[in-house]
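# Observations on chain architecture
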Amino acid sequence: MSGSTWLTQESYDRLSAELEELSGPARIDIAKKIESAREEGDLKENGGYHAAKDEQGKLEARIRQLTELLRTATVGEPPESHGIVEPGTVVTAKIAGDKAKFLLGSREIADDASDIDVYPEGSPLGQAILGLKAGDKVSYQTPAGKEIPVEIVGVSTYAG
């Protein structure tokens, strides 16, 4: 599954709808804002123009992100947990002594209503725990260089 992101059908549909909105109506709307601000004259002093251009940059970045994600996504039911940490499973672990429960995968899997934390499999924590099972202990290094101990307590199937 490396290189692709697992998504539920619901997540895929939600992200496809967002991409459609951003690529159509939202793009048209931002172009109108830029044109309207441009007509106000001097662009150096025009806060509305610069804000609209900044918004356009963020919009285009999100469109690129969604396009790539949806192009490479593996869509289907959550992978059945076999007790091994893999993308799309819910992991219960002791991280630096504190118990945490999280979904391993793309933040896009869980919608805004979901209250489960999501850690990408490409993150330092995700990379350290892939393939582990309950009882396994490992440590990973944060970007700041701190060594964090992790103990896998359990692995279960994501219920959505």
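Structure report, in brief.

What counts and what doesn't
Residues numbered from 1 in each chain as written. Predicted model: local features only at pLDDT ≥ 70, side-chain atom pairs only at ≥ 80, totals over all residues. Heavy atoms only, no water. Pairing = 2+ DSSP bridges. Helix = DSSP H or I, 4+ residues; strand = E, 2+ residues; numbered from the N terminus. Axes fitted to C-alpha atoms, helices over the stretch in contact; angles between N-to-C directions. Parallel < 35°, antiparallel > 145°, perpendicular 65-115°, else oblique. Left-handed = near helix turned anticlockwise from the far one by under 90°. Nonpolar A, V, L, I, M, F, W, Y, C, P; charged D, E, K, R; others polar. Buried < 20%, exposed > 50% of the residue type's maximum accessible area, 1.4 Å probe, protein only. Core = buried A, V, L, I, M, F, W, Y, C linked by side-chain atoms within 4.5 Å. Contact = heavy atoms within 4.5 Å.

A few words on the sheet that holds strand 5 (residues 117-119). In space, the five strands of this open sheet follow the order 5-4-3-7-6, with mixed pairing throughout. Single-partner strands in this sheet number two, and they are strand 5 and strand 6 (137-141). Strand-to-strand twist in this sheet, taken as the mean axis angle between neighbours without regard to direction, amounts to 45 degrees. The sheet contact formed by strand 4 (residues 98-104) and strand 5 spans three bridges and is parallel. Within the sheet, the bridge partner assigned to L104 lies in strand 5 and is Y119.

In this section: the packing of helix 1 (residues 9-38) against helix 2 (residues 47-72). Interaxial distance between helix 1 and helix 2 falls to 9 Å at its minimum, and their mutual angle equals 160 degrees. As the angle between them shows, helix 1 and helix 2 are arranged roughly antiparallel. In the packing of helix 1 onto helix 2, the handedness of the crossing is left-handed. Taken together, the residues of the contact of helix 1 with helix 2 sort by class into 15 nonpolar, five polar and eight charged.

Time to look at unusual backbone geometry. Glycine aside, the phi torsion of most residues is negative, and most peptide linkages are trans. The phi torsion at A96 lies on the positive side, around 55 degrees, for a residue other than glycine. With respect to the helices, strands and loops of the structure, A96 is situated in the loop between strand 3 (89-95) and strand 4. Of the residues examined, A96 reaches a relative accessible area of 47% and is grouped as partly exposed.

The next point concerns the nonpolar core. In this structure, L7, L15, L22, L59, L103, I109 and Y158 are the most contacted members of the largest nonpolar core, which totals 22 residues. Secondary structure elements with two or more residues in this core: strand 1 (6-7), helix 1 and helix 2. In contact with L7, not counting residues within four places along its chain, are Y12, L15, L69, L70, A73, T74, V75, G76, E108 and I109. In this structure, V85, I95, L125 and I148 belong to the second largest nonpolar core, which totals 15 residues.

Purely geometric numbers; function is a separate question.
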